[in-house]
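Structural overview for review
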Amino acid sequence: MDQNPFAVLTLVAAPAILTNAMSVLALGSGNRVGRVIDRFREILKEMKGLDSGSALYRLRLLQMDRLQQRARFLITAMKAFFTALGSFAATTVVAIVGAALSALAQERVVKITAALALTVGLFGVGNLLFGCILLVRDSRLAIANLSEDADQLRSETANPSSPR
């Protein structure tokens with residue numbers, strides 16, 4: 001490595017920024033899990049007052065199934081984000097160790113350390129992408145439930161005497 005004192009900072013910057021991004025995604029996913037749980041409880045309460053043969057009851061059953069799937073997506077996404085978070089933190093540490101070793105002119109060890117940092121960083125990126133895909137899938141299910149709720153509300157508004 002050259003004698004530039006900012007070279008180490010450059011090596012550490014990307015994983016540090018990604019670590020911050022993972023923290024935000026993990027926190028946001030945790031909040032989404034809380035909202036899914038709250039909605040599940042609301043639907044459960046509503047269903048207790050519905051006729052089990054009604055269209056609305058069947059709709060709420062379908063929505064509960066989607067909420068359970070959303071919870072699974074979100075928990076898996078959170079695991080992926082926390083794994084990525086750890087990977088990016090480890091990449092930062094390995095990069096710092098590699099920079100320190102480069103001062104000792106141990107070229108073979110430095111190359112191995114660089115390869116390790118790259119591998120751990122790529123593993124983190126893979127988990128980041130996987131978690132983001134799961135968040136998109138969760139969002140699609142949320143929109144499906146939202147659309148059905150809107151349709152149900154429109155139907156009730158158009159026909160206020162329809163039984164629940």
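Refer to the preceding data block for the structure.
Every value quoted in this text rests on a predicted model; they were computed, and no experiment measured them. (Residues numbered from 1 in each chain as written. Predicted model: local features only at pLDDT ≥ 70, side-chain atom pairs only at ≥ 80, totals over all residues. Heavy atoms only, no water.)

Here we take up the pattern of salt bridges. For the structure shown, the criterion picks out nine salt bridges. R60 is paired through a salt bridge with E46; the nearest N and O atoms lie 3.0 Å apart. Here R60, found in helix α2 (residues 55-103), pairs with E46, found in helix α1 (residues 7-48); they are 14 residues apart in sequence, far enough to count as distant. There is no split in this pair, since R60 and E46 are both buried. Taking the shortest distance from any N to any O, the salt bridge between E148 and R66 comes out at 2.7 Å. On the criterion of sequence distance, the pair formed by E148 in helix α3 (residues 107-158) and R66 in helix α2 is long-range, its members being 82 residues apart. Assessed through its relative accessible area of 18%, E148 is described here as buried. Among the residues examined, R66 registers a relative accessible area of 17% and is labelled buried. Each of R39, E42, E46, R60 and D149 takes part in one network of salt bridges that share partners. (Salt bridge = Lys/Arg side-chain N within 4 Å of Asp/Glu carboxyl O. Helix = DSSP H or I, 4+ residues; strand = E, 2+ residues; numbered from the N terminus. Buried < 20%, exposed > 50% of the residue type's maximum accessible area, 1.4 Å probe, protein only.)

Attention now moves to the side chain of R32. Within the fold, R32 resides in helix α1. For R32, a relative accessible area of 17% puts it in the buried group. Engagement of the side chain of R32 in a polar contact is seen with the backbone oxygen of L135, the distance being 3.4 Å. Leaving out residues up to four positions away in the same chain, R32 has contacts with L74, L135, D138 and S139. (Polar contact = N/O pair within 3.5 Å; in protein donor to acceptor, adjacent residues only side chain to side chain. Contact = heavy atoms within 4.5 Å.)

Moving on to the nonpolar core. Ranked by size, the top nonpolar core spans 20 residues in total, and within it M22, I43, L74, A77, F81 and L135 carry the most contacts. At the level of secondary structure, the elements contributing two or more residues to this core comprise α1, α2 and α3. Considering each element in turn, this core owes the most residues, ten residues, to α2. Setting aside chain neighbours within four positions, we find A77 in contact with G131, L134 and L135. (Core = buried A, V, L, I, M, F, W, Y, C linked by side-chain atoms within 4.5 Å.)

As a further point, take the environment of L134. Checked against the element boundaries, L134 lands in helix α3. Sequence spacing of L134 and A21 is 113 residues, and the spatial spacing of their C-alpha atoms is 16 Å. The residues touching L134, leaving out its near neighbours within four places in the chain, are F73, T76 and A77.

Turning next to α2. Taking 1.5 Å per residue, 49 residues should reach 72 Å; α2 reaches 72 Å between its end C-alpha atoms and fits that length. Taken from the residues just after α2, A105 is the one with a positive phi, measuring 60°. (Expected span 1.5 Å × (residues − 1).)

This part covers the environment of F82. With respect to the helices and strands, F82 occurs in helix α2. Using a relative accessible area of 47% as the deciding quantity, one classes F82 as partly exposed. Considered as a pair, F82 and G34 are 48 residues apart in the sequence and their alpha carbons are 17 Å apart.

A relative accessible area of 7% places R60 in the buried class. A polar side-chain atom of R60 sits 2.7 Å from a polar atom in the side chain of Q63. Side chain to side chain, R60 and D149 meet in a polar contact 2.7 Å long. Those residues in contact with R60, other than ones at most four positions away along the chain, are R39, I43, E46, M47, L50 and D149.

Purely geometric numbers; function is a separate question.
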